[in-house]
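What the coordinates show
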Amino acid sequence: MFEIEIDRSFAAAHQLKGYEGDCRNLHGHNYGVTVTVVADKLNEIGIALDFKLLKAAVDEVIERYDHRNLSELPEFQEINPTSEVLAQTIYRTLAGRLNRDGIKIARVSIAESSASRVIYSE
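What this report covers is the structure whose coordinates are included nearby.

What counts and what doesn't
- Here, residues in each chain are numbered from 1, in the same order as that chain's written sequence.
- Per-residue local features are limited, in this predicted model, to residues with pLDDT of at least 70; the limit for side-chain atom pairs, both in listing and counting, is 80 or more; totals at the level of whole chains, interfaces and linings are taken over all residues.
- Side-chain numbers come from the whole structure's heavy atoms, not from hydrogens or water.
- DSSP calls a pair of strands paired once it identifies at least 2 bridges connecting them.
- Here a strand is any run of E in DSSP of at least two residues, a helix any run of H or I of at least four, and the numbering for each starts at the N terminus.
- Fitting a line to C-alpha atoms yields each axis, with helices limited to the stretch in contact; the angle taken between N-to-C directions then spans 0 to 180 degrees.
- Note on contacts: a residue pair is in contact if any heavy atoms of the two residues lie within 4.5 Å.
- For our purposes a nonpolar core is just a set of buried Ala, Val, Leu, Ile, Met, Phe, Trp, Tyr and Cys residues, chained together by side-chain atoms within 4.5 Å.
- Each residue is placed in one exposure class: buried if its accessible area under a 1.4 Å probe, protein chains only, is under 20% of its type's maximum, exposed if it is over 50%, and partly exposed if it falls in between.

**Observations concerning the sheet that holds strand β2 (residues 27-39)**
The antiparallel open sheet is built from 4 strands, whose spatial order is β1-β2-β3-β4. Strands at the two margins of the open sheet, each flanked by one partner only, are β1 (2-14) and β4 (116-120). Looking at each pair of strands side by side, their axes are set apart by 20 degrees on average, direction ignored. Looking at chain direction, β2 and strand β3 (residues 103-113) are connected through 8 bridges and run antiparallel. Looking at the pairing, Thr36 lines up with Arg107 of β3. Contacts from helix α1 (residues 51-63) reach β1 and β2, with the element oriented near 20 degrees to β1. Where helix α2 (residues 83-98) meets the sheet, it contacts β1, β2, β3 and β4, and its direction lies at approximately 155 degrees from that of β3.

Below, the structure written as structure tokens:
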């Protein structure tokens with residue numbers, strides 16, 4: 001089994017409705033995103049999944065969030081855009097685009113800082 005992993009980042013704001021604490025106020029993060037894909041075989045030239053393809057897919061997904069107030073986006077009107085929800089949303093979006101025979105999104109990690117991170121997998 002091979003694991004292919006990339007790191008990306010984006011900056012965004014959010015606020016957590018119903019939260020008792022400072023995070024109920026509008027604030028921002030420089031989010032770190034780590035995506036891990038597993039593959040059980042290599043192609044004829046020895047590549048499981050081209051890094052360029054994975055980076056392009058992740059960049060396309062997170063571009064929607066970069067320099068935005070996440071709390072204003074339609075997908076986060078019913079649920080707070082927490083790191084947990086972001087990790088799940090990004091995971092499921094990427095899985096729909098990249099999962100195929102022998103290749104599967106394994107996990108998505110979202111870091112709000114260098115000391116705080118959420119990992120989502122199914």
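**Concerning the nonpolar core**
Val35, Leu54, Leu94, Ile105 and Val108 are the most contacted members of the largest nonpolar core, which has 34 residues in total. Sorting the residues of this core by element identifies β1, β2, α1, α2, β3 and β4 as the ones contributing at least two each. The greatest single-element share of this core, amounting to 8 residues, is contributed by α2.

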